[in-house]
Amino acid sequence: MGCRIVLLGMPGAGKGTQADQLAEALGIPHIASGDLFREHLHQGTELGRLAQGYMDRGELVPDEVTIGMIAERIARPDCAEGFILDGFPRTVAQAEALGRLLSQNGTRLDMVALIRVREEVALARLAGRWTCRNCGAVYHTLFNPPRQAGVCDACGGELYQRSDETEEAHRRRLKVYQEQTAPLVEYYRRIGLLVEIDGEQSIDDVQADLRATVETACG
Ligand code: ADP
Ligand code: ADP
Ligand code: ZN
């Protein structure tokens, strides 16, 4: 089933967790802009060096750079049948650029799913988040613990807390979300692509709701 999906929601809403499972079920790639930036950082590329300061401060990397990185990624052959974007777009300019990129290829988005949670829920989730250094899978010390502490269930990789996981950076990211990303909710609602999912349910229940909306949107 081909399907071009965007997951929207504040940091900590559960986008990465849900995108991983959905991507596996649909057989399409999960593209997380934050993961792509972290790969660049790790490899020491120029893009990674440019992004680092913004990421550490919890600010957005400039649109031009971010759009270029995503354009290159979704042009790869594994995206021909669809993809799940997680963390992109985050500004109206990014959303407009994405629309133009897709229409140049004669395609368009099928669905934008907003994973709704309250801010206090997002903060509690971010506070306990651990990430796999090897595959990027995320866990939570209380809500979604790995079978063995510090070790990724999926690949055996080492779990770590990201350097931008401080309470101060979390609050800044939530503010940036409200100011720059929340307008995308109306943007996508107006063009008829938005579906809303209750993100405060269990991971499995959120996934079930998402699958049902995908059936409808991408059938
Ligand atoms: P996002 O990509 O939107 O920032 P993540 O998928 O990284 O969010 O999830 C943030 C944290 O919350 C992680 O620690 C994850 O294990 C946990 N989490 C995700 N979904 C749920 C859920 N439905 N209930 C409880 N905890 C969750
Ligand atoms: P979270 O899941 O906590 O929201 P991400 O991994 O999605 O975090 O993003 C980490 C950081 O990477 C952001 O705080 C920002 O600096 C940068 N980033 C990720 N996606 C984008 C984007 N679409 N536009 C600008 N900056 C981005
Ligand atoms: Zn892993």
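This text goes with the structure placed above it.
Residues numbered from 1 in each chain as written. Chains lettered and ligands numbered in written order. Predicted model: local features only at pLDDT ≥ 70, side-chain atom pairs only at ≥ 80, totals over all residues. Heavy atoms only, no water.

1. Some thoughts on the site of ligand 2
Inference 1: Looking at ligand 2, there are 18 residues lining it, with Ser-33, Glu-59, Arg-90, Arg-129 and Arg-173 nearest.
Inference 2: Between ligand 2 and Val-61, the relevant distance is 3.0 Å, taken from a nitrogen atom to a main-chain nitrogen or oxygen of the residue.
Inference 3: In the model, an oxygen atom of ligand 2 is placed 2.8 Å from a nitrogen or oxygen of the Arg-129 side chain.
Inference 4: Taken by itself ligand 2 offers 560 Å² of open surface, and the protein chains cover 96% of this. (Near = heavy atom within 4 Å. Polar contact = N/O pair within 3.5 Å; in protein donor to acceptor, adjacent residues only side chain to side chain. Areas by Shrake-Rupley, 256 points an atom, 1.4 Å probe, with all protein chains shown as cover.)

2. Re the pattern of salt bridges
Inference 1: With the rule as written, the count across this model stands at 17 salt bridges.
Inference 2: Where Arg-189 meets Glu-186, a salt bridge forms, and the shortest distance between an N and an O atom there is 3.0 Å. Here Arg-189 and its partner Glu-186 are both found in helix 8 (residues 183–190), three residues apart, which amounts to about one turn of the helix.
Inference 3: For Arg-189, a relative accessible area of 37% puts it in the partly exposed group. (Salt bridge = Lys/Arg side-chain N within 4 Å of Asp/Glu carboxyl O. Helix = DSSP H or I, 4+ residues; strand = E, 2+ residues; numbered from the N terminus. Buried < 20%, exposed > 50% of the residue type's maximum accessible area, 1.4 Å probe, protein only.)

3. What to know about a negative patch on the surface
Inference 1: On the surface, Asp-198, Asp-204, Asp-205 and Asp-209 cluster together into a patch of negative charge.
Inference 2: If one sorts the elements of the negative patch by residue count, helix 9 (residues 203–218) sits on top with three residues.
Inference 3: Checked against the element boundaries, Asp-198 lands in strand 8 (residues 194–198).
Inference 4: Owing to a relative accessible area of 41%, Asp-198 belongs among the partly exposed residues under this scheme. (Patch = residues over 30% accessible without salt bridge, like charges linked within 9 Å, V, L, I, M, F, W, Y side chains within 5 Å. Lys, Arg positive; Asp, Glu negative; His and termini not counted. Charge placed at Lys NZ, Arg CZ, Asp CG, Glu CD.)

4. Section: the state of the cysteines
Inference 1: This model, assessed by the stated rule, comprises one disulfide.
Inference 2: A sulfur-sulfur distance of 1.6 Å marks the disulfide that ties Cys-3 to Cys-218. With Cys-3 in strand 1 (residues 3–8) and Cys-218 in helix 9, this residue pair connects regions lying 215 residues apart in the sequence. Here Cys-3 and Cys-218 have matching classes, each one buried. (Disulfide = S-S within 2.5 Å.)

5. Some thoughts on the site of ligand 1
Inference 1: For ligand 1, the set of nearby residues contains 18 residues, the closest of which are Gly-12, Lys-15, Thr-17, Arg-129 and Tyr-139.
Inference 2: Within the contact set of ligand 1, an oxygen atom lies 3.3 Å away from a backbone nitrogen or oxygen of Ala-13.
Inference 3: A distance of 2.6 Å separates an oxygen atom of ligand 1 from a polar side-chain atom of Thr-17.
Inference 4: Notes on ligand 1: free accessible area 560 Å², of which the protein chains cover 93%.
Inference 5: Contributions of two or more residues to the shell around ligand 1 are made by helix 1 (15–26) and strand 6 (138–140).
Inference 6: When grouped by side-chain class, the residues that make up the shell around ligand 1 number seven nonpolar, eight polar and three charged. (Nonpolar A, V, L, I, M, F, W, Y, C, P; charged D, E, K, R; others polar.)

6. A word on the coordination of the zinc ion (ligand 3)
Inference 1: Only Cys-132 (SG), Cys-135 (SG), Cys-152 (SG) and Cys-155 (SG) from the protein coordinate the zinc ion (ligand 3), and they sit 2.3 to 2.4 Å from it.
Inference 2: Considering all four donor atoms around the zinc ion (ligand 3), angles at the metal cover 97 to 115 degrees and the coordination shape is tetrahedral.
Inference 3: Counting along the primary sequence, the residues that act as donors to the zinc ion (ligand 3) give the motif C-x2-C-x16-C-x2-C. One end of the pair, Cys-132, is in strand 5 (residues 129–132); the other, Cys-152, is in the loop between strand 6 and strand 7 (159–160), and 20 residues separate them in sequence.
Inference 4: Judged by relative accessible area, Cys-152 falls into the buried class, the value being 3%. (Donors = N, O, S within 2.8 Å, 3.2 Å for Na, K, Ca; no water. Tetrahedral: all angles 85-135°; square planar, octahedral: opposite > 155°, others 65-115°.)

7. What about the layout of surface pockets?
Inference 1: In this structure, the second largest pocket spans a volume of roughly 240 Å³.
Inference 2: Lining the second largest pocket are Thr-17, Asp-20, Gln-21, Glu-24, Ala-137, Val-138, Tyr-139, Asn-144, Pro-145, Arg-147, Asp-153 and Ala-154.
Inference 3: With four residues, helix 1 is the single largest residue contributor to the lining of the second largest pocket.
Inference 4: Looking at the lining of the second largest pocket residue by residue, the class counts come to five nonpolar, three polar and four charged. (1 Å grid on protein atoms, 1.4 Å probe; cavity = no way out; pocket = protein on both sides within 12 Å on 5 of 7 lines; lining within 4 Å. Points joined across faces, edges and corners; volume = space filled by probe spheres on them.)

8. A look at the sheet that holds strand 3 (residues 82–86)
Inference 1: Strand order in the open sheet formed by five strands is 2-3-1-4-8, and the pairing between neighbours is parallel. Of all the strands in the sheet, just strand 2 (30–32) and strand 8 have a single pairing partner and so form its edges. Strand-to-strand twist of the sheet, defined as the mean angle between neighbouring strand axes without regard to direction, takes the value 25 degrees.
Inference 2: Examined bridge by bridge, strand 4 (residues 111–116) and strand 8 share five bridges and lie parallel to one another. Pairing of Val-112 across the sheet is with Leu-194, part of strand 8.
Inference 3: Sheet strands touched by helix 2 (residues 33–43): strand 2 and strand 3. Its angle to strand 2, the strand with the most contacts, is close to 65 degrees. (Pairing = 2+ DSSP bridges. Axes fitted to C-alpha atoms, helices over the stretch in contact; angles between N-to-C directions. Contact = heavy atoms within 4.5 Å.)

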